[in-house]
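Each chain is listed here by its residues.
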Amino acid sequence: MAVFGSLSQPLPADPTPVETPSVDWAAAAPLLVLVGGALVLMLWSSFVRSRRATHLYTAFTCLVAVGAIGAVVPLWREVQDADRGPFSTFGGAVGVDGFSLFMTVVIAVAVALAALFIDDYLRREQLESVEPFVLVLLSAAGGVIMSQANDLIVLFLGLEILSIAVYVLAASHRRRVTSQEAGVKYFVLGAFSSAFFLYGIALVYGGTGTTNLIEILEYFSTTVVTDDGLVLAGLALMLVGLGFKVAAVPFHFWTPDVYQGSPTPMVTWMASGVKAAGFAGLIRVLVLAFDAYAVDWQPIVFALAVATLFVGAVLAVVQTDVKRMMAYSSINHAGFVLVGVQAATDQGVEAALFYLAAYTFLIAGTFGVITLVGRRGDGHHRLDDYRGLARTQPGLALVLTLFLLAQAGVPLTSGFFAKFYVIVAAVDAGSTVLAVVAMLSSVISAYLYLRITVSLYMSDPTEEGAPRLRVPVAAGIALALCVAVTLVAGVWPGSIAETARDAVPVLAAVG
Amino acid sequence: MVELVVFAVAAAACLVGALGVVFSENPVHAALSLVGTLFGIAVLFVAQEANFLAAVQVIVYAGAIVVLILFVLMLLGVDRVENLRVEPLVGQRAAAAVLSLGVLALVVGALASTGYEVTGPVGELDVTVADVNRLGESLFTDYLFAFEITSVLLVIAVVGAITLARRPRGEEIVDPGQAEREAQLARRMAEAEARAGGDGAGEGEGAEEAEGAEAGAAGEAAAEEVTR
Amino acid sequence: MMVALEVTPAWYLVLGALIFSIGAYGLMVRRNPLVMFMCVELMLNAVTLTFVTFSRMLRDTGGQSIVVFVLVVAAAEVVVGLAIIVALLRKRPHATADDVALLEG
Amino acid sequence: MTDVVWLIPALPLAGFLVLLVAGRRLGEPGAGWLATAACGGSFLATLVVYAGLLGEEEHSRSSVTTLFEWMPVGDLQVDVGFLADPLSIAMALFITGVGTLIHLYSIGYMHGDADFPKFFVYLNLFVFSMLLLVLGSNLLVTFVGWEGVGLCSYLLISFWFTDEANASAGKKAFVTNRVGDWGFLLAIFLAFATLGTVDYGELAAGAGELAGVTATAIALLLFLGATGKSAQIPLYIWLPDAMAGPTPVSALIHAATMVTGGVFLMTRVNPILAAGYDWAPDVIAWVGVVTAFVAATIAVAQNDIKKVLAYSTISQLGYMFLAVGVGAYVAAVFHMITHAFFKALLFLGSGSVIHGMGGEQDMRRMGGLRKVMPVTAATFIVGWLAIAGVPPFSGFFSKDEILLYAWGSGGAQGRALWAIGLVTALLTAYYMSRQVFMVFFGEPRWDEPVAASAGAAAADGGEAGDGTAGEAGHAEVRPHESPWQMTVPLVVLAVLSAVGEVINLPFTDDLHFLERWLHPVVGANEAHIDVATGTKWALAVGAAVLALVGILVAAAVYLRRRVRAVEPSVLAHAWYYDEAITRFAGGPGTRFFEAVAWFDAHVVDGAVNGVAALVRTGGRRLRAVQSGFVRSYALGISAGVVVLLGYFIARLYV
């Protein structure tokens, strides 16, 4: 074989036109709305001189999020229509199924909530600028790409789009060195883990000859694979990358530090949208494409889930910083979602979807309250800063209590059903041990939520002179929304659960 | 035979470069070593009939990315020599060595399990078409969507850089306990350097120790600054 | 003699794994954030080499296309990563990776 | 008429919502009256449903009213529905009835409290949750109620939340109950996984098909839940601490209603219990009887007026589980109802005493109160006689029924259960008498310094540091009778305690009203015992005599001088006997009881705290890994990579 052989080949004299794949623009509409919205926002902001325009940016971002949800509606109808059903487009790179649409809505909601919390924060911290909104929107675009990715490389790009924007958001409080520290840590570890993820894709590519999930599935179903070392090693490395994104133990180390150091409303987005997108990717890869390897990955996901549940619960209990507590608590929640993924059944996916939907509102609301309690400088996050909040801000304390109870899984809140569905799915799939472990961990973490509640109600404020909190309008709207969903889904979970049931992921061929 | 020589030279360049990145005390040298690896890989691309990628590799990586890194190094003056004999985290080196060897062994094990062969279906490549044409066709058919969304990535890079480049308004915010922690970290570093300095008895030790002391002083100065 | 020394794809794959591991090791032992960053670049390059090798073995252009995307990702990561590091170093000149450990526990 | 069953929980819910919104505006007595009316209305609705059920044929006395489809689980559907059947309505009757009285009482008791309306918000929410618990048509609705009452209990225990002790008591109650809830939830999942339903009707129908091991597992997991809610070994430790809350709360939640939730649950799932292995009920019976005995011994050594009642509640609940364990479901429900009457009475009475004493809870600082608080004293004495098992008060009959079934369950085990139960009855009579004598008889001690009172109550061992009266020489106390809102419920409950047995008199079958009423629910699995009538009488008389012995011993110890003065002819000849008893009860006996109490306070509590400490220590260790150094984290990730890769590569060869 000649080394420079190909250079000597002549170019074809008459290049035949390349047949490009058919593109269903409607299928990409939610994504286009998000990206387009971000671009318009950026363009628009260059004409606005006033520093007071943040309100407008917030409103516009929410509008974009609502627009993305609106764009989902006709697609959802189409997908649920028996004649049409789920389909793929862009040459099989984009899958439009109930699952991707469901996750798109969850992500869009997370965008809106995050924007509402960012609004006042920027003014309070003298950081007024349009970029956080643009970055959240673009990051959300990455999340949407991940949840509809039918190709590993698309998934990787989605992951990077999602992450890189978030690295910036983490480091964006320019007056706090801890914010930059969070950015550096998140970035270095994120780049490290995505290198592993990419290597995993490479090995899967070598093992199956393709990166397209549909083709991978086809390959597994048509070929009897005897030598699957590459596929298995690739799967292991991809699990590392995705496990990092969803903060599964032992890939969780960044979470507490980054959550604590980052500007709190950005954490709202990290904990809700980013985590949801990570799980979307995880489910697409594991449950859809590597279904044939379920017996191989189930035990390891089992182990990850157990470790995640326990490390999250146990470490949360010993913290003194509320942001850190909630970071560990979110690790614990990730463990619960992993319990659903581990089931590797439609019911498990459904439960995971319900969990993610409910959790998005819960955690966004929780960090929303934390944003407000953080006060100017975003530094009042010790447990002592929450003492006697019920005295000075009874409404806010009540809202936080509700979120905490819901996270503990108390009935009549969405958190209860989230945990319930996940555990039912695990029991039905035969993972009774995992169900038991999950519930044990929730017993431990109940103590944590109680600890915060107790300091809300039981103690007197430490410093009398602390500036009085006020709840800004935008944050108030977001909190009201979170409370409403938490309660409604707690009393009548059917609405979300049935939608989640229709949102089964499917790998459909191009059509 | 030619291929063997090409591979041997390029692989050597890659490995020497890679080791250079890891073991150069001077970050500028590390960056230059990185260029060695990048060139080596570009050569290996050519050896595997990926000529276009080789060109892109040299232009983008060596030409843009490394230059950017070097630019930052020089701009911020962070080209201070890193004393690699010092390891403040106990056991970090050994654990890192074990784990990276583990990764290597396991990956090679996976590759070996299939006899270093791919297990996927081998395609039919039209060898008469130049790789640029094939690549172009691939990018605009199978990878059309991926190609389009890379634009989002680039937009984020620009917006992100702008966000972070802004100068902060107002004083730096220091949390309670933060100054103590910073002083503690600086002390830890100074102790580690002192330990390393005590162990070795080579020449040029004095210069390094002075540097270490300077670093400690700088850390303390930073801590003091924060306390203010 | 010659037969034993024919260059097979295995050589490329093992070389990729080697560079990848060296990069991973470097990230864990270096303290200069910029050098850590170069180590990530090493790892990414190892992967691109693997992709190209697989691409040739599979007689498929897909692997090469992916390398293009990896290049873009690497470029974007560099821009943002450097920006973050610069933002940090502006506040704490000469800070190493070990000095940014204010958040812990 | 049974289709208005939804009204029963709806009224307290409405009350809760109205008070939540407008509670502050309604202000002091208004909010209380509204809450009372809501609860009373619920009682009336229950009566209507009861009448409706009476009108039905016996076998069709069960109707499910589905409110709405609740949630899909897998391919199945769980509804929110209410089950009106003899068991649930019997429960609802005494919950709403006693609940209304306690609401009324609270108006007087909480007078002047800054958070008066909030208290009633919680009370109504509690009644709603409790009704949800008993009326739910499936395990999940019951579970929601179960958690709801737990939450209210927690809120109410820590009602006066400025007090650290209350706060930590609330925490303890919450966490202990979570352990129990964990068992409950697992049971639900298991039932769902094996039977595909959580509906009570379908569970009863399908229980027969269950494998023995599954049925046993479900039953015991539910029992774990029940031990949490009903304060049985090993999860009983929260209840004594829960006494930190306002007294009406102790009466309503921690005596009359919520704590019986566990007994109710076990009764409700009796078909599953029957489908399990034979030893499963034995476990329940033994846990019950041991709890009854241990709690009674602890109660003997308490000085806090409410702590005595708290341990007594645990002990009485133990009786109920003993009944469930030996298959005497009717007896369990019977005792549950009579216990609700007399224990609510005793708690409210003690609340009245505390109210009159200006917050004092240490019995060593009371004495002779019957003169200043005649109504409270009289009603309390009725409650005392009822719980002590003196015929013809209600407690005698219900307790006797349980002991009879224990005896009749046969074999050495039956005899052992009976014997322990009987000893517990003796202890019950003893410690309750002790309480009555210390509080209402003897010399007034409320104006004495603590050191002197220690001498008066020699049997207490005189731990001056114990209880709330640590500080000597506090403000002057002027005990007084409580207002009518408080005394009226006392009188009503006293009457009920005295004559409550009429619902299930043992003399002829015609008088077994409760048994016939509950027959459709528990009849199939109710134990049938074959005990000769003569034996029955002997057992009953024996129990009554033993109760009297207990009272007399207590009298000898705590009222010695007075007893001798009043009835010298009786006791003059028994001088040495009395002396011996006094020596024992005041010496080794006291030491034994105090040792048990110490064990409870230090070892059992310590175990719970130990688990918490273990978690905390583990957390601290793990924290060290989170060192803050980004390179250490990279190390952790690499370790994960090696583990994952190693696992998958190993899969290749294994």
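Anything mentioned here points back to the structure above.
Only a predicted model underlies this, so the values are computations on that prediction, with no experimental measurement involved. (Residues numbered from 1 in each chain as written. Chains lettered and ligands numbered in written order. Predicted model: local features only at pLDDT ≥ 70, side-chain atom pairs only at ≥ 80, totals over all residues. Heavy atoms only, no water.)

**Q** Even after reading the chapter, I still don't get the pattern of salt bridges, so can you show me in this structure?
**A** Opposite charge on two side chains allows them to pair when their charged atoms are near. Summed over all chains, the structure comprises 21 salt bridges over all chains. Its salt-bridge partner being Glu131(A), residue Arg166(B) comes within 3.2 Å of it at the nearest N-O pair. In this pair, Arg166(B) is assigned in the loop between helix H6 (144-165) and helix H7 (178-199) and Glu131(A) in helix H4 (residues 131-148), connecting two distinct chains. Of the residues examined, Arg166(B) reaches a relative accessible area of 34% and is grouped as partly exposed. Look at Glu131(A) and you get buried, because its relative accessible area is 8%. Asp257(A) is the salt-bridge partner of Lys185(A), the closest N and O atoms lying 2.8 Å from each other. Taken together, the positions of Lys185(A) in helix H6 (residues 177-208) and Asp257(A) in helix H9 (residues 254-261) put the pair 72 residues apart, joining distant regions of the chain. Each member of the salt-bridge network shares a partner with another, and the members are Asp119(A), Asp120(A), Arg123(A) and Arg470(A). (Salt bridge = Lys/Arg side-chain N within 4 Å of Asp/Glu carboxyl O. Helix = DSSP H or I, 4+ residues; strand = E, 2+ residues; numbered from the N terminus. Buried < 20%, exposed > 50% of the residue type's maximum accessible area, 1.4 Å probe, protein only.)

**Q** Looking at this structure, I do not really get the packing of helix H12 (residues 322-343) of chain A against helix H13 (residues 346-373) of chain A. What am I missing?
**A** Packed helices, taken two at a time, are described by the angle their axes make and the gap between the axes. Residue and element names in this part refer to chain A. At a minimum axis distance of 8 Å, the contact between H12 and H13 shows a crossing angle of 170°. On the basis of the axis angle, H12 is roughly antiparallel to H13. Residues Val322, Lys323, Met326, Ala327, Ser330, His333, Phe336, Val337, Gly340 and Ala343 of H12 touch H13, and the partners they reach there are Gly348, Val349, Ala352, Tyr355, Leu356, Tyr359, Ile363, Thr366, Phe367 and Ile370. (Axes fitted to C-alpha atoms, helices over the stretch in contact; angles between N-to-C directions. Parallel < 35°, antiparallel > 145°, perpendicular 65-115°, else oblique. Contact = heavy atoms within 4.5 Å.)

**Q** Just to check I follow, could you spell out the interface of chain C and chain D for this structure?
**A** A common measure of how large an interface is: the accessible area buried when the components associate. Across the contact, 13 residues belong to chain C and 11 residues belong to chain D. Between chain C and chain D, the buried area comes to about 930 Å², and carbon and sulfur atoms account for 58% of it. Its largest share of buried area at the contact with chain D, chain C owes to Met28(C), Asp98(C) and Gly105(C), together 56% of the area lost on that side. Inspection of the chain C/chain D interface yields 1 salt bridge. Across the pair Arg631(D) and Asp98(C) runs a salt bridge whose closest N-O atoms are separated by 2.7 Å. Joining chain C to chain D, the criterion identifies 3 residue pairs in polar contact (both at pLDDT 80 or more). Per element, the largest residue contribution to the side of chain C that touches chain D is 3 residues, and it comes from helix H1 (residues 9-29) of chain C. In terms of residue class, the side of chain C that touches chain D is built from 8 nonpolar, 1 polar and 4 charged. (Buried area = accessible area lost by both parts, 1.4 Å probe. Polar contact = N/O pair within 3.5 Å; in protein donor to acceptor, adjacent residues only side chain to side chain. Nonpolar A, V, L, I, M, F, W, Y, C, P; charged D, E, K, R; others polar.)

**Q** Explain the packing of aromatic side chains to me, please; I cannot follow it from the model alone.
**A** Aromatic ring pairs are defined here through the distance separating the ring centres and the angle between the ring planes. Going through the model one piece at a time under the given rule, you end up with 52 aromatic pairs over all chains. Aromatic side chains Phe420(A) and Phe189(D) sit 5.2 Å apart centroid to centroid with 40° between the ring planes, which places their arrangement in the tilted category. Residue Phe420(A) is located in helix H16 (residues 414-428), and its partner Phe189(D) is located in helix H5 (residues 164-195); the two belong to separate chains. Judged on exposure class, the residue Phe420(A) and its partner Phe189(D) are both buried. Pairwise contacts between aromatic rings join Phe354(A), Phe416(A), Phe417(A), Phe420(A), Tyr421(A), Phe143(D), Trp146(D), Phe184(D) and Phe189(D) into one cluster. Looking at Arg84(A), its charged tip hangs above the ring of Phe87(A), at a distance of 3.9 Å from the centre. Over the face of the ring belonging to Phe336(A) we find Lys419(A), whose NZ or CZ atom lies 4.7 Å from the ring centre. (Phe/Tyr/Trp six-rings, centres within 6.5 Å; stacked < 30°, edge-to-face > 60°. Lys NZ or Arg CZ within 6 Å of the ring centre and 35° of its normal.)

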